[in-house]
Amino acid sequence: MRMLNRARQRAVLVSTAAAGLVFAAVPSAVAASGTPTTPTDLFNANHACSTQVGTPTYVGAREGVVVEGVPGYTDSTGNPSLTAQYRVWPVADPTQATILSRQHAAPRFEAPVTVPADILADGQSYAWQAQTVAGSDASDWSVPCYFTVDNTAPSAAPKVTSANYPQDEWAEPGEPVHFIFDANGVDDVAGFEFTWLRDLPVIGVPIGDYGIPQPADPYDDAKFFVRADELGGSAELNLVPPAGFGSKTLDVVSLDRSYRQSARSTYNFFLNSAEPTVTPRSKPQFDQPATFLLAPDAGLQAKSPIVSYSVQTFGGQSDRTIQVKASSDGTAELRLRLDGASGESLAVSSTSANGWVSDEARWGTAFDTTPIVGSDVYAENASSGGVGLPGTFTFAPKVEGVVSYTYSFNWADPVTVQADSDHTARINWAPTESGYTDLQVNATTESGAVLASYDYSFTVN
């Protein structure tokens, strides 16, 4: 789970009284036709209420503990102003009860209050109930909810070991890393949080409609969390590291029952390179279909069969990522059209049946799609002609499918001319001044591809 807690609006009124005392209702304006009902949707610290004293919810309480419920009222057509009232006491001494009230609460909406931190002791268990008050009427109290305060983080970082990828050593890639996380003697560790990304995800609870928390078990997210086999125990798991060779680092922390983190353990090892091969069946031509054979690294194929390839294109008219299914021997055939004006590159990685992603293999080719430019008067890289003397310039393609040319003299606004049936074009131009002149020309194909430009320079006498 990777989400932050949403800010919660809280209003708190605190009073203390002995258990068993009859508490006066807080007056509020209500519709006379309804009666208050016992609050529902009970939560403490955004976690669902535990009604079993032997299995309380563990919560951090350095800033107090928010308890909340949804007050009820039988008349759904009115708009009563209710008070949500809470009674909190230590399980070890029910006579020490504290009453907290949230005035001006509304039916259907959570009405939170904060149990002050200064009445909560680390390691102690507490019970609480909720009641709806409307004018002089009060509902029954809810069933008790139980929580235990846990303000102390695990005192030691976890031990992290792997038999198949030893710490700080080089190893061959291809099989998941078998890790053992151990609580390292800390008896209240409930599980572990880990990441290859350096930043550990934040454990949070989203808030749904009407302010109702939507808690989920972080250990359901196997990408970042694993539960210990017992309190203070260990966990075994297989993880696939990020793709690529070289250094790989996993960060791990222990979590207690209130999800407080221990110090961090860092496990580092190194992977040798292993990448597929990319072989064109013939020399690729610009904007023409090309066929490639993709073949797996033999070591990866032996450890777990290659099931697919991911192919990224770079430098084309529209770069893309293509998924290619592999055959039973791990090879695959890729057919695609390369339309990069100056060339195109491929980055290819394989994926094994066990989830391992290989290094990227790189393949690339260059294309010359610049036009052929010539002139009957103004020769390239020479001095000729003169001011006012017209010359004809001819544009011809080096690739198929050209339908137009765009040109500019001395970086003026570009002009586009259509190609003739033979895909060439001719223009007449007369210089207005002598000296160095630059003619820049590029072609466009019938598919709309803009090709590489050519600079044709000369000097006007």
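Residues numbered from 1 in each chain as written. Predicted model: local features only at pLDDT ≥ 70, side-chain atom pairs only at ≥ 80, totals over all residues. Heavy atoms only, no water.

### What to know about the packing of aromatic side chains
Line of reasoning, step 1. A complete count under the given rule lists 30 aromatic pairs for this structure.
Line of reasoning, step 2. Their ring planes at 65° and their centres at 5.7 Å tell us that F181 and F192 sit as a pair that is edge-to-face. Residue F181 is found in strand β14 (residues 177-182), and its partner F192 is found in strand β15 (residues 189-195); the two are separated by eleven residues along the sequence.
Line of reasoning, step 3. Overall, F192 belongs to the buried group, its relative accessible area being 0%.
Line of reasoning, step 4. When the ring of F393 is compared with that of W429, the centres are 6.0 Å apart and the planes differ by 70°; the resulting orientation is edge-to-face. Of the two residues, F393 is situated in strand β29 (residues 391-396) and W429 in strand β32 (residues 425-429); the sequence distance between them amounts to 36 residues. When sorted by exposure, F393 lands in the same class as W429, which is buried. (Phe/Tyr/Trp six-rings, centres within 6.5 Å; stacked < 30°, edge-to-face > 60°. Helix = DSSP H or I, 4+ residues; strand = E, 2+ residues; numbered from the N terminus. Buried < 20%, exposed > 50% of the residue type's maximum accessible area, 1.4 Å probe, protein only.)

### Overview of empty space enclosed by the protein
Line of reasoning, step 1. Within this structure, the stated rule accounts for one cavity of 30 Å³ or more.
Line of reasoning, step 2. Volume-wise, the largest cavity comes out at about 50 Å³.
Line of reasoning, step 3. Lining the largest cavity are P173, G244, F245, L271, N272, S273, A274, L300, W356, V357, S358 and D359.
Line of reasoning, step 4. Residue composition of the lining of the largest cavity, by class: seven nonpolar, four polar and one charged. (1 Å grid on protein atoms, 1.4 Å probe; cavity = no way out; pocket = protein on both sides within 12 Å on 5 of 7 lines; lining within 4 Å. Points joined across faces, edges and corners; volume = space filled by probe spheres on them. Nonpolar A, V, L, I, M, F, W, Y, C, P; charged D, E, K, R; others polar.)

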